[in-house]
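This is what each chain is made of:
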Amino acid sequence: MPPVFRFAPSPNGLLHLGHAYSALLNFDRAREAGGRLLLRIEDIDATRCRPEYETAIDEDLAWLGIAWQRPVRRQSEHLADYRAALDKLSALGLVYPAFESRAEIAKLVAAREAGGPWPRDPDGAPLYSGEAKSLAAEERAGLIASGVPYALRLDMDAACRRVAGLTWHELGDGPDGEHGVVAARPEAWGDVILARKETPTSYHLSVVVDDALQGVSEVVRGQDLFHASSVHRLLQALLGLPEPAYRHHALIRDSEGRKLSKSSRSTGLRELRDAGASPAGIRRLVGLG
Ligand code: GLU
């Protein structure tokens, strides 16, 4: 079977040099390995994603000289697949609804922090303090029936008891030089959100479902997602999905050393192109000359 790669942008803004680097690495790796490159549009966040950004992604990738196989998978068109995976995790007793708003969670965490340091996830966000896990079944049912919004969270302790000792194969580098067989530490993320009342999925859940359904064998993506791989391995193991290899790459940074964002104009592909940059020039700029 030829290896399968994917570039998976979210259409919530225009592509910048960081995306170009990731897309070109995927394209080059697929060519080198005699594999296939897929494009996946990660558009589950309906409030931020827009079709015109997807059109711009297509145009910018084509301009860079990148070719990908069709059909393009658009996550918003596959909610039933994610719901099925969520149902499977629920049937294992690993999912519970949490009804606190973001502001309420921030308050609960602040109260905990008054008593000493409270753990943070690898992205620096405080872990969920877990109150809703101990609600009685009738209380849960009552709250759901009352129509309040909720998030569906993974019971991380229970999940880690089911599948312990997970690792992944890292072909690239983690932020601290991790390479080769890396031990997954999903517990560092606490009870992650898997879905919300209105949306039967989340970034973590849709990524593992799609990578499996699309037969992705090597995930090439930025180091900012290195630690998320721990959650992805856990979900793969719980759902009985195959394990791809991972190749995390360094992030392109601006002249002040900051991670690029979709609003940093000087590194936007369109701006660079309008200023006369060529596709070969972009390759050189990201160090792939
Ligand atoms: N959609 C994610 C992003 O744009 C990438 C997801 C992934 O490669 O796993 O950052």
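See above for the structure.
All values derive from a computational prediction rather than experimental measurement. The residue numbers shown here count from 1 along each chain, following its written sequence. For this predicted model, a pLDDT threshold of at least 70 governs which residues receive local features, and a threshold of 80 or more governs which side-chain atom pairs are given and counted, while totals over whole chains, interfaces and linings are taken from all residues. In computing side-chain values, all of the structure's heavy atoms are included and hydrogens and water are not.

(A) Seen up close, the nonpolar core. Here, nonpolar core refers to any group of buried Ala, Val, Leu, Ile, Met, Phe, Trp, Tyr and Cys residues whose side-chain atoms link them within 4.5 Å. Relative accessibility under 20% of the residue-type maximum defines a buried residue, over 50% an exposed one, and the middle range a partly exposed one, all with a 1.4 Å probe and only protein chains included. Leu89, Leu154 and Leu194 are the most contacted members of the largest nonpolar core, which totals 36 residues. Secondary structure is summarised from DSSP: a helix means a run of H or I of at least four residues, a strand means a run of E of at least two, and numbering begins at the N terminus for each. Going through the elements one at a time, helix H3 (79–91), strand E5 (151–154), helix H6 (156–162), strand E8 (193–196), helix H7 (203–213) and helix H8 (228–239) are the ones with two or more residues in this core. Top contributing element to this core by residue count: H8, with five residues. Residues within four places of leucine 89 in sequence aside, it is in contact with Leu94, Val95, Leu194, Leu205, Leu235, Leu238 and Leu239. Counting 28 residues, the second largest nonpolar core, distinct from the first, contains Tyr21, Leu24, Leu25 and Leu39. When checking whether two residues touch, look at their non-hydrogen atoms; a contact exists if any pair is within 4.5 Å.

(B) View of the site of the ligand. It suffices for a single heavy atom of a residue to lie within 4 Å of a molecule or strand for the residue to be listed as near it. What surrounds the ligand is the set Arg6, Ala8, Pro9, Ser10, Glu42, Tyr203, Val207, Arg221 and Leu225. Arginine 6 places a side-chain nitrogen or oxygen 2.6 Å from an oxygen atom of the ligand. Counted as a polar contact is a pair of N or O atoms within 3.5 Å, where, for protein atoms, one must be capable of donating a hydrogen and the other of accepting one, and residues adjacent in sequence contribute only when both atoms are in side chains. One of the side-chain N or O atoms of serine 10 is found 3.4 Å from a nitrogen atom in the ligand. Coverage of the ligand by the protein amounts to 78% of the 300 Å² it exposes when considered alone. Method for areas: the Shrake-Rupley scheme with a 1.4 Å probe, in which residue coverage is limited to the protein chains shown.

Honestly, that's just the spatial picture; any functional story needs more than this.
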